[in-house]
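A look at the structure
Residues per chain, in single letters:
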Amino acid sequence: MAHKPTTQAPGIKGWIEYRLPIFSFIDNSVGTKYPCPRNLNYWWNFGAIAGLCLMMQILSGLFLAMHYTPEATMAFDSVEHIMRDVNYGWLLRYAHAVGASMFFVVVYIHIFRGLYYGSYKAPRELLWWLGIVILLLMMATAFMGYVLPWGQMSFWGATVITNLFSAIPGVGESVVHWLWGGFAVDNPTLNRFYAIHFLLPFVIVGVVILHIWALHQHGSNNPLGIDVKTPQDTVPFHPYYTIKDCFGFGVFLFIFSIFVFFAPNSLGDPDNYVVANSMVTPAHIVPEWYFLPFYAILRSMPDIGIPFTGVVFVSSKLAGVIGMFGSIIIFFFLPWIDGSRVRSATFRPVYKIMFWLFLADCILLGYVGSQPPAGTMLVVGRIGLAYYFVHFVALWFVSRHEKTLPLPESISKSVLASGGHH
Amino acid sequence: MVLTAGALAAVGAGAVAWPFIHSMNPSADVLALSSIEVDLTPIKEGQTIKVKWRGVPVFIRHRTAADIADARKVPMSELKDPETDDKRVKKGHEQWLVMIGVCTHLGCIPLAGAGDYGAGDGGGWFCPCHGSQYDTAGRIRMGPAPKNLVLPEYSFLNDNRVKIG
């Protein structure tokens, strides 16, 4: 793209390339002219798989939209109509619902891979930021999509989550009425959620393009976390990683199919097969599994004030909301919280332990989020919540004082030393 | 020059944005559903009913003497959102508690007669979502909710008829 071609190559391909250099663009992006570190392991498959998930969600969602009715008295029935009457409607819906869960599995693995190998560190901070933006957009999209079937969990999930905004001091109530378009979650809410649920995936596509653009600027990080120094450290994306990604797609689709065909409702809540009723709250409200850790943080925050005096600066309600959003926003600061000059946890013995503890804490919070908020669970939730943020404080100090292991001289030397038997 | 043009453009952008933003606010027909009337005669002492008003439930409880006594003896210092029992009901109609049945935490509907603040006879409310508990005057006593259950605007047309809204 840097220089204009002066001569036209022969043939149709040459004719097109001379006018629109699309073939060289593809070759430079995902082809033979895009060098990648030669040591990428299978954890690097998940970015491409996430892209596949996004495409599958858009496709199944488009066809579902042809049969769904976004109106409060008809929405629930139209979903059952899709399940019973529409040809392959059950497949479209299960693929879309299971697809949402799978998308989050893949993206969470992708994020934790980045955390383990220090992929957020310079010069990839903006790449990391764009990833967080994608996660936030995914969460908004998934939340609004879950409201559309208009079951009990749809309705009460929408009520609880939109009510989070009522914690904003002063204008909270007006904001919530504005979000609802009324005095409760009702038809206007359903309508706008449908419109936004249709729009956001395309916004995600836009941010994904920026994400990939930022990725290509400095190329992929790698399991050693050291920079590419010579061409010997790389292999071309095509055919090496195109084939490897396709293999990953196959494995992923196999697992995906097991859920779609044999356990399509295992990740959902049976209460959502009861039509929405604004007069009765289900006994136990839980979000979909991928929101559980954040839900636990929301519920575990105590009043913040001076102990034993009754002085409260921030009510537990507002604190919960701040804590929940803060648990994601803090990742924007991670590239600077982590002051280590070594990226990969392979060479950071203390950070490696911290990484696994943090992952365990997220799983613990997820479990707490699925349980009723009383007794032991409340205490466990608060410990888990405290540790979540303590991790980042500890990381500030550890990353600046940790004695790291010696780094290999280069990617190629390391690869040849470990596997070069011929 | 650039500054003036920029400022004017910002004002223009704001003026254009407002109709879009305001279109999402409650529409005229939603605002028009303003009031309902409820006949209180069938509600027995110790009974709570739910009626739908503007899309949300309103609790109407016919309080027992024990309910009222229990609500009145609580010292203000024990309350998170201090309010006397007098302020929660209409003078001369102390047996009737009329409240919006929406938890002030995150909007679930509390269950009547559950929780630890019911004077043992089915008063009091418990929110199943996040564990908030309200007493026999609908005041927050435990859990994450910050405020007492909200009182709607209402008036007694006579001893047995109430107008909400």
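Here, the structure is the one placed above.
Residues numbered from 1 in each chain as written. Chains lettered and ligands numbered in written order. Predicted model: local features only at pLDDT ≥ 70, side-chain atom pairs only at ≥ 80, totals over all residues. Heavy atoms only, no water.

The partner chain A presents 28 residues to the 26 residues of chain B that form the contact. Both faces combined, the contact of chain B with chain A buries some 2,300 Å², and carbon together with sulfur accounts for 64% of it. Looking only at chain B, the three residues that lose the most surface to chain A are Met24, Leu106 and His130 of chain B, adding up to 27% of its buried area. Summed over the shared surface of chain B and chain A, the result is 0 salt bridges. Our enumeration of links across chain B and chain A arrives at 9 residue pairs in polar contact (both at pLDDT 80 or more). (Contact = heavy atoms within 4.5 Å. Buried area = accessible area lost by both parts, 1.4 Å probe. Salt bridge = Lys/Arg side-chain N within 4 Å of Asp/Glu carboxyl O. Polar contact = N/O pair within 3.5 Å; in protein donor to acceptor, adjacent residues only side chain to side chain.)

Bringing the pairing of strand β4 (residues 96–100) of chain B into the picture now. Residues and elements named next belong to chain B. Counting buried positions along β4 gives 5 out of 5 residues, so the element sits mostly inside the fold. The two faces of β4 match: Trp96, Val98 and Ile100 on one face and Leu97 and Met99 on the other face are all buried. Where strand β3 (residues 56–62) lies against β4, 5 bridges are found, and the strand directions are antiparallel. The residue of β4 that forms the bridge with Arg61 is Leu97. (Buried < 20%, exposed > 50% of the residue type's maximum accessible area, 1.4 Å probe, protein only. Helix = DSSP H or I, 4+ residues; strand = E, 2+ residues; numbered from the N terminus. Pairing = 2+ DSSP bridges.)

All names here are of chain B. Across the sheet, which stays open at both edges, the 3 strands sit in the order β1-β10-β9 with antiparallel pairing between neighbours. Every interior strand has two partners, whereas the edge strands, β1 (36–39) and β9 (154–158), have only one. Strand-to-strand, the axes of this sheet are offset by a mean angle of 25°, without reference to chain direction. For β1 and strand β10 (residues 161–164), the ladder comprises 4 bridges, and the chain directions are antiparallel. Considered in β10, the bridge of Glu37 is made with Lys163. (Axes fitted to C-alpha atoms, helices over the stretch in contact; angles between N-to-C directions.)

Residue and element names in this part refer to chain B. Strands sit in the order β5-β6-β7-β8 across an open sheet of 4 strands; the sheet is antiparallel. The sheet is open, and its two edges are formed by β5 (111–112) and β8 (140–142), each paired on a single side. When strand β7 (residues 133–134) meets β8, the two strands line up antiparallel, connected through 2 bridges. Across the sheet, the residue bridging to Gln133 is Met142, located in β8.

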